[in-house]
Amino acid sequence: MRRESPALSWAVAAVLMLQTLAMANHSPQTLGSQAGVFADLSTEELKAVRSFLWSRKDLRLEPSQGSTIAKNTVFLIEMLLPRKQQVLKFLDHGQRRPAREARAIIFFGAQEHPNITEFAVGPLPRPHYLRTLPPRPGHQMSWTSRPISSAEYVQLSHTLEEATRPLHQFFLDTTGFSFQDCHTRCLTFTDVAPRGLASGERRTWFILQRFVEGFFLHPTGLEWRTQCKMGGGVLWVLDPHSASPFTPAGTKNSFQTLGMKLENITNPWSPEHRLVQPTLEQTGYSRERQAAFRFGRTLPKYLLFTSPKENRWGHQRSYWLQIHSMAEQVLPPGWQEERAFTWDLVAWVTVGFLHIPHSEDIPNTATPGNSVGFLLRPFNFFTEDPSVASRDTVIVWPRDKGPNYVQRWIPEEGGDCWKPTPFSYNGTYRPV
């Protein structure tokens, strides 16, 4: 028995997480509200899209399970966000709600020239049309760029076993482990990504390891490179950035920062004396590169996406970007920078972890208290705290004697507070 590649385990876990998020049940009220424009697909919508795709005989779809990749399979079904201008017209001006659609990614492997194609499927919840989505400029998806599948891992494992068969005795003599007839002393492997140095390459390095607890700390010292010849390889690309087009109040937004500085001024009520006091320093950025803050330098305290519109007190309506990250610089300055263009304000936020392996990582790597991410908080955007408009407010008033007094603004006939539906998990990737 051998351990599956860690990359496969992470991939399966990621797919499971995405499925869990996407399987959220939405009430008709949620989908009918303004926020419903951005709601993930419900269970019923996912099933409807899948059934519609399978009803299209021209797609010649087959189940993704199996030992071959020479077939057409559905890789992903997710929410397809409508165009920004359509959403703004609906939210701000009460125009027609954008059509609700799904994005379906299909791997066409059962043809002479395999390819990856994205489709828009709609309208939901009862789809009846399918149209091809054009690739983004400079982002043409190639067959070699698709994620590796479980079928490919099986083929890679078989290829590795056959290629190392002449080394069976050598492995036994040097490590006491092998791939053939190994029982409890088997070898495993970790495959390394990215799989090549340029687009279209399909070269994979395998690190051979002893299949024991904490196998990644027990390498054999042998690394094997395989040039895939099995109907397509894999090219994984590392991109630590996330792009978030942001329109806090329309599309004519700007980016600015607020920081603190000290100023030495004449004391207004005692002119013969000086006064040092902190003051706000506002800086505007008109170009993207001006707002590219380098690692190692202190960030301004407030990063603001600002609208030209003002609130009732004359302050520009803004959103404050708060970043929480442990990431350091991962590439030298100017290293193969991606060329990009945009007509909207885009926040490129880089966050990440720094983990230095240590002995306590075995057999379980615990990460208590570690978190990264960023927040977008209103800053002079609303006239007051928007939570005061909540219809289910609960205030707990402490008392010197006796229990606390709980003040509610919810119907009494509703009984106890709303509780989510029970969650259960049967320990497998199959539905409960």
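Each chain carries its own residue numbering, running from 1 in the written order of its sequence. Residues qualify for local features only when their pLDDT is at least 70, as the model is predicted, and side-chain atom pairs are given and counted only at 80 or more; totals for whole chains, interfaces and linings, by contrast, use all residues. In computing side-chain values, all of the structure's heavy atoms are included and hydrogens and water are not.

(A) Representation of the pattern of salt bridges in the model. We count a salt bridge whenever a side-chain nitrogen from Lys or Arg sits within 4 Å of a carboxyl oxygen from Asp or Glu. Considering all chains together, one arrives at seven salt bridges under this definition. Note that Arg 146 and Glu 152 form a salt bridge whose closest N and O atoms lie 2.7 Å from each other. Neither Arg 146 nor Glu 152 differs from the other in exposure class; each is buried. For Arg 165, the salt bridge identified is with Glu 162, shortest N-O distance 3.0 Å. The structure contains a network of salt bridges with shared partners spanning Glu 78, Arg 103 and Glu 118. Relative accessibility under 20% of the residue-type maximum defines a buried residue, over 50% an exposed one, and the middle range a partly exposed one, all with a 1.4 Å probe and only protein chains included.

(B) Expanded view of the nonpolar core. Residues grouped as a nonpolar core are buried Ala, Val, Leu, Ile, Met, Phe, Trp, Tyr and Cys residues, joined through side-chain atoms within 4.5 Å. Counting 17 residues, the largest nonpolar core has Leu 41, Val 49, Leu 53, Leu 59, Ile 77, Val 121 and Leu 130 as its most contacted members. Numbered from the N terminus, helices here are DSSP runs of H or I no shorter than four residues, and strands are runs of E no shorter than two. Residue assignment for this core shows that the elements contributing at least two residues are helix 3 (43-55), strand 1 (72-80), strand 2 (101-108) and strand 3 (115-122). Contacts were defined at the residue level, with two residues in contact if any of their heavy atoms lie within 4.5 Å. Beyond its immediate chain neighbours, meaning those up to four positions away, Leu 53 contacts Leu 59, Leu 61, Val 74, Ile 77, Ala 104, Val 121 and Leu 130. Counting residues in each nonpolar core, the second largest holds eleven residues, with Leu 160, Phe 189, Phe 206 and Leu 208 among its members.

(C) Seen up close, the packing of aromatic side chains. Planes of paired rings set the category: under 30 degrees apart is stacked, over 60 is edge-to-face and the rest tilted, where pairs are Phe, Tyr or Trp rings (Trp by its six-membered ring) whose centres lie within 6.5 Å. One pass over the full model with this rule turns up 14 aromatic pairs. Ring geometry for Phe 107 versus Trp 143: centroids 6.1 Å apart, planes at 80 degrees, classification edge-to-face. Taken together, the residues span a long stretch of sequence, with Phe 107 in strand 2 and Trp 143 in the loop between strand 4 (129-132) and helix 5 (150-163) at a distance of 36 residues. By the burial criterion, Phe 107 is buried, and Trp 143 matches it. Both rings, one in Phe 381 and one in Phe 382, keep their centres 5.0 Å apart while their planes meet at 80 degrees; by these two values the pair is edge-to-face. Given the relative accessible area of 10%, Phe 381 is considered buried. By relative accessible area, Phe 382 is classed as partly exposed at 36%. By the ring-pair criterion, three or more aromatic residues cluster together here, those being Phe 75, Phe 107 and Trp 143. Two conditions define a charge sitting above a ring: the NZ of Lys or the CZ of Arg must be within 6 Å of the ring centre, and it must be within 35 degrees of the ring normal. We note Arg 185 situated over the ring of Phe 177; from NZ or CZ to the ring centre the distance is 4.5 Å.

(D) Broad picture of the sheet that holds strand 3. Any two strands are treated as partners once DSSP identifies two or more bridges connecting them. With respect to topology, four strands assemble into an open sheet ordered 1-2-3-4, the strand pairing being antiparallel. Each end of this open sheet is capped by a strand with a single partner; those strands are strand 1 and strand 4. In this sheet, adjacent strand axes meet at a mean angle of 30 degrees when their direction is disregarded. Inspection of the sheet shows strand 2 paired to strand 3 by seven bridges, in the antiparallel sense. Within strand 3, the residue paired with Arg 103 across the bridge is Ala 120. In this analysis, axes come from line fits to C-alpha atoms, helices being fitted only over the stretch in contact, and the angle between any two N-to-C directions falls in the range 0 to 180 degrees. Packing of helix 3 onto the sheet brings it into contact with strand 1, strand 2, strand 3 and strand 4, and relative to strand 1 it is tilted by some 140 degrees.

(E) Region of the structure containing the state of the cysteines. Pairs of cysteine sulfur atoms within 2.5 Å are identified as disulfides in what follows. Taken as a whole, this structure holds one disulfide when the rule is applied. Paired by a disulfide, Cys 182 and Cys 186 hold their sulfur atoms 1.9 Å apart. As the torsion about the S-S bond is roughly 80 degrees, the Cys 182-Cys 186 disulfide counts as right-handed.

(F) Molecular detail of the confidence of the model for the protein. One confidence number per residue, pLDDT, is output by the predictor and ranges from 0 to 100. With 78% of its residues at a pLDDT of 70 or more, the protein has an overall mean of 78. Within the model, the stretch residues 1-23 combines pLDDT values under 50 with 35 contacts to residues more than four positions away or in other chains. Predicted confidence is poor over residues 230-236, with pLDDT under 50, and the contacts of this stretch with residues over four places away or in other chains come to 43 contacts.

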